[in-house]
Amino acid sequence: MKYYEEIPIIRSIAAILVVSVHVTAGIYYSNQVFSNEFIGYINQIARLGTPVFAVVSAFLLTSSVLRRGFNFHYFFKSRFTKIFLPYIIWSSIYLIYRGSIEHSLNKDLSIVSYFVYGNANFHLYFILTVIQFYFLFPILQKLKKVYF
C-alpha cells in the first residue's frame, strides 16, 4: 500500500479536534446552559474531526482495494478485530457501569438493543455508523465486480 505522508498529519489534526469537542463540552454545556459563546464555537467547529476520520478511513480503504483488490476474509478479520470487537467490549463496559453503578438502564429495552442501536453510551453512535459502512462495503465491492 502506498504511504501518504499527509495522512498522519490529517489524523493528528482530526484527533486534536475530537479531543477539543470532549474538553469543551464540559465547559460549554455546564448546568445544561450555554455558558460561554466562544467555547461553544470551538466545540461546534471541532466536530469536523469525526467526519475527517471517516473520510480518511474511506480514502485509505478504497486506495488499498484499488491497489491489492478486495479479499473478503482479510477485510472481515481485520475489521472484526479493530472495530467490531472493541465496540462490543466498550459497550459491555458501559452497560455494566450503567447497570451496576448508575442504575440508568431502560428496563423496557433489551440488552441486545443497546448494542444494535449504539445506545450503551452516547459517543458509540459513530462506531456503529462505521460498522454499518463496513457491512455495506463488501456489498458495494460485489456490485462493482458484477456491473463494472
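Residues numbered from 1 in each chain as written. Predicted model: local features only at pLDDT ≥ 70, side-chain atom pairs only at ≥ 80, totals over all residues. Heavy atoms only, no water.

Digging into unusual backbone geometry
Moving on, step 1. Even without glycine at this site, His103 takes up a positive phi of about 55 degrees.
Moving on, step 2. With respect to the helices and strands, His103 occurs in the loop between α4 (72-102) and α5 (111-116).
Moving on, step 3. Among the residues examined, His103 registers a relative accessible area of 62% and is labelled exposed. (Helix = DSSP H or I, 4+ residues; strand = E, 2+ residues; numbered from the N terminus. Buried < 20%, exposed > 50% of the residue type's maximum accessible area, 1.4 Å probe, protein only.)

Considerations on the packing of aromatic side chains
Moving on, step 1. Applying the stated criterion to the full structure yields twelve aromatic pairs.
Moving on, step 2. Arranged with centres 6.2 Å apart and planes meeting at 20 degrees, the rings of Phe72 and Phe76 form a pair that is stacked. Remark: Phe76 and Phe72 occur in helix α4; sequence separation between them is four residues, near one turn of the helix.
Moving on, step 3. When its relative accessible area of 46% is taken as the criterion, Phe76 is described as partly exposed.
Moving on, step 4. An aromatic cluster of three or more residues is present, and its members are Phe70, Phe75, Phe133, Tyr134 and Phe137.
Moving on, step 5. Positioned over the ring face of Tyr134 is Arg79, at 5.0 Å from the centre of the ring. (Phe/Tyr/Trp six-rings, centres within 6.5 Å; stacked < 30°, edge-to-face > 60°. Lys NZ or Arg CZ within 6 Å of the ring centre and 35° of its normal.)

Read these as spatial facts, not as claims about activity.
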